[in-house]
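Analysis of the macromolecular model
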Amino acid sequence: MTDRVVDLRSDTITRPVVAMRMAMASAEVGDDVYGEDPTVLALEDRIADLLGQESGLFTPSGSMANQLGIRLHVGPGQELIADELAHVLRAEMGAAAVFSGISSRSWRAPRGLLDPAAALALMQPDAGAYQVSTKAIVVENTHNFGGGTVQPLEAIRALRGATQPLGVAMHLDGARLWNAHVATGIALADYGQQFDTVAVCLSKGLGAPVGSVLAGSRGLMAEARVWRKRYGGGMRQAGILAAAGLWALDHHIERLADDHGRARAFSEAVASSFPEVIDPAHVQTNIVIVDVAQGGWAAADFVSAAEQRGLRIYAVNERAVRLVWHLDVDDADTDFAADLVNAMLAEAAQGS
Ligand SMILES: *Cc1c(COP(=O)(O)O)cnc(C)c1O
């Protein structure tokens, strides 16, 4: 009946636009393992500046940027803490444990919202010879599985103020820090300066095909460069990829507001018929979590039924699905998604 397919599984699915591909094709390049790719160096400097940090390091993925950051702060047998929904704990395949021998614990965090008191209550900076010592805390902003939640700068500052004197490092998983910046108007550097290391992704809402950047002090980034090579992340004429990132910084940051507006419009359209499955007040950026279990659906069934009708989404757990807005989705796609989700919820309500 319909040939339309709207893909809201993730903002990673975007394809590079023509102008971005042109920038990639004409990029000046060199061997970046020798530190000789001018486009990579330009991207690293520019992002470090934006984040209020000294130095940057280009990586193939956000997971590698996070894992390098964590590795710098936490040694084997030491502890990393993060909230229970954190990407570094839930979606990086145990990398901190596998590659770095790092142990981890987490605190409860409804919607992923940062609660400094909960983090501080869990932290044991100097646990002596009998328990594991906490060496770093990860904060995710915006929060992915929390539903695009923006972390309040005041909460981040409070956590920094309490942990810095104790020598517990802070790493920001800022895969979508751009979205937090656009949603709040708070400068990227105001967030970035609160952390020892910051990871940002170019391949999500910014629409680059590949790439993330880790930023921190010059000393830490020199160390991270060694670990990146050790992890197999030393790339050669990577300026081809970095050029996409530079182009995205120029053209794709401000437009994230469109994604936020569409996510909000979708959530309002669904909440007006089914307020029990979504609270539009929780939709701050480009991610919407719908509690389809409240509407009589198992998340996995909802995902496959939606797919058959032209809407691709992702089940975050047994109860809820996630929809992510991005640059390949327009207003008409958004209306289509809202109408379809409402129709499916109405069918479940009639069936029960
Ligand atoms: C996507 C994402 C990452 C990194 O993902 P890669 O697929 O490895 O690039 C890290 N943190 C969060 C919160 C993410 O959403």
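Thoughts on the sheet that holds strand 3 (residues 79–83)
Strand order in the open sheet formed by seven strands is 2-8-7-6-5-3-4, with mixed pairing between adjacent strands. Lying at the two open borders of the sheet, with one neighbouring strand each, are strand 2 (55–59) and strand 4 (103–107). The average undirected angle you get between the axes of adjacent strands in this sheet is 20°. For strand 3 and strand 4, the ladder comprises five bridges, and the chain directions are parallel. Across the sheet, Ala82 pairs through a bridge with Ser106, a residue of strand 4. Sheet strands touched by helix 7 (residues 153–163): strand 5 (134–140) and strand 6 (169–174). Its angle to strand 6, the strand with the most contacts, is close to 155°.

Some words on the nonpolar core
Ranked by size, the top nonpolar core spans 49 residues in total, and within it Leu43, Ile47, Phe58, Trp178 and Leu202 carry the most contacts. Tallying contributions element by element places helix 11 (residues 239–251) first for this core, with seven residues. Core analysis: the next-biggest nonpolar cluster, separate from the first, contains 33 residues, Phe266, Ala299, Ala305 and Val321 among them.

Things to note about the environment of Ala346
By the secondary structure assignment, Ala346 is in helix 14 (residues 331–351). Under the relative-accessibility criterion, Ala346 is labelled partly exposed at 27%. Along the backbone, Ala346 and Ile13 are 333 residues apart, and their C-alpha atoms lie at a distance of 29 Å.

Quick word on the packing of aromatic side chains
Scanning all chains against the criterion turns up four aromatic pairs. Centroid distance Phe266 to Trp325: 5.1 Å. Interplanar angle 45°. Geometry classified as tilted. On the criterion of sequence distance, the pair formed by Phe266 in helix 12 (residues 256–273) and Trp325 in the loop between strand 12 (321–324) and helix 14 is long-range, its members being 59 residues apart. With relative accessibility at 0%, the residue Phe266 sits in the buried group. With a centroid separation of 5.2 Å and 90° between ring planes, the pair formed by Trp297 and Phe302 is classed as edge-to-face. The same class applies to Trp297 as to Phe302, namely buried. Aromatic ring contacts, followed pair by pair, group Phe99, Trp227 and Tyr231 into a single cluster. The ring of Phe145 is capped by Arg90, whose NZ or CZ atom sits 5.9 Å from the centre of that ring.

Some points on the pairing of strand 8 (residues 212–216)
Burial runs high along strand 8: five of the five residues are buried. Where burial is concerned, the two faces of strand 8 agree: the one with Ser212, Leu214 and Gly216 and the one with Val213 and Ala215 are both buried. Sheet topology note: the strand 2/strand 8 ladder contains five bridges and is antiparallel. By the bridge assignment, Ser55 is partnered in strand 8 with Gly216. The sheet contact formed by strand 7 (residues 197–201) and strand 8 spans five bridges and is antiparallel. Its bridge partner lying in strand 8, Ala199 is registered against Leu214.

Description of helix 3 (residues 62–73)
The end-to-end C-alpha distance of helix 3 is 17 Å, a good match for the 16 Å that 12 residues give at a rise of 1.5 Å each. Of all 12 residues that make up helix 3, 11 are buried, and the element is covered over most of its length. Within helix 3, burial applies to Gly62, Met64, Ala65, Asn66, Gln67, Leu68, Gly69, Ile70, Arg71, Leu72 and His73.

Details of the site of the ligand
The ligand sits among 13 residues. The nearest are Gly62, Ser63, Asp173, Arg176 and Lys204. Measuring from an oxygen atom of the ligand, one finds a side-chain N or O atom of Ser63 at 2.6 Å. Against a free-state accessible area of 380 Å², the protein chains account for coverage of 84% of the ligand. Top contributing element to the shell around the ligand by residue count: helix 3, with three residues. Across the shell around the ligand, the residue classes tally to two nonpolar, six polar and five charged.

Section: the domain arrangement of the protein chain
Domain annotation of the protein chain identifies domain 1 (6–13 + 255–351) and domain 2 (31–251). For domain 1 and domain 2, the distance between their C-alpha centroids amounts to 28 Å. Each partner contributes to the interface: domain 1 provides 17 residues, whereas domain 2 provides 20 residues. Buried area between domain 1 and domain 2, summed over both chains or domains, comes out near 1,600 Å², and the portion from carbon and sulfur atoms is 55%. Contact with domain 2 buries surface across domain 1, with Asp11, Leu256 and Gln284 losing the most and accounting together for 33% of the total. At the junction of domain 1 and domain 2, the tally comes to one salt bridge.

Looking at the pattern of salt bridges
The tally for this structure, following the rule as stated, stands at 18 salt bridges. Where Asp291 meets Arg319, a salt bridge forms, and the shortest distance between an N and an O atom there is 3.6 Å. Placement of Asp291 in the loop between strand 9 (287–290) and helix 13 (299–308) and of Arg319 in the loop between strand 11 (314–315) and strand 12 is noted, with a sequence separation of 28 residues between them. Since its relative accessible area comes to 22%, Asp291 is described here as partly exposed. When salt bridges that share partners are traced, they join Asp7, Arg9, Glu307 and Arg312 into one network.

Parameters at a glance
- Residues numbered from 1 in each chain as written.
- Predicted model: local features only at pLDDT ≥ 70, side-chain atom pairs only at ≥ 80, totals over all residues.
- Heavy atoms only, no water.
- Pairing = 2+ DSSP bridges.
- Helix = DSSP H or I, 4+ residues; strand = E, 2+ residues; numbered from the N terminus.
- Axes fitted to C-alpha atoms, helices over the stretch in contact; angles between N-to-C directions.
- Contact = heavy atoms within 4.5 Å.
- Core = buried A, V, L, I, M, F, W, Y, C linked by side-chain atoms within 4.5 Å.
- Buried < 20%, exposed > 50% of the residue type's maximum accessible area, 1.4 Å probe, protein only.
- Phe/Tyr/Trp six-rings, centres within 6.5 Å; stacked < 30°, edge-to-face > 60°.
- Lys NZ or Arg CZ within 6 Å of the ring centre and 35° of its normal.
- Expected span 1.5 Å × (residues − 1).
- Near = heavy atom within 4 Å.
- Polar contact = N/O pair within 3.5 Å; in protein donor to acceptor, adjacent residues only side chain to side chain.
- Areas by Shrake-Rupley, 256 points an atom, 1.4 Å probe, with all protein chains shown as cover.
- Nonpolar A, V, L, I, M, F, W, Y, C, P; charged D, E, K, R; others polar.
- Domains from an automatic or database assignment.
- Buried area = accessible area lost by both parts, 1.4 Å probe.
- Salt bridge = Lys/Arg side-chain N within 4 Å of Asp/Glu carboxyl O.

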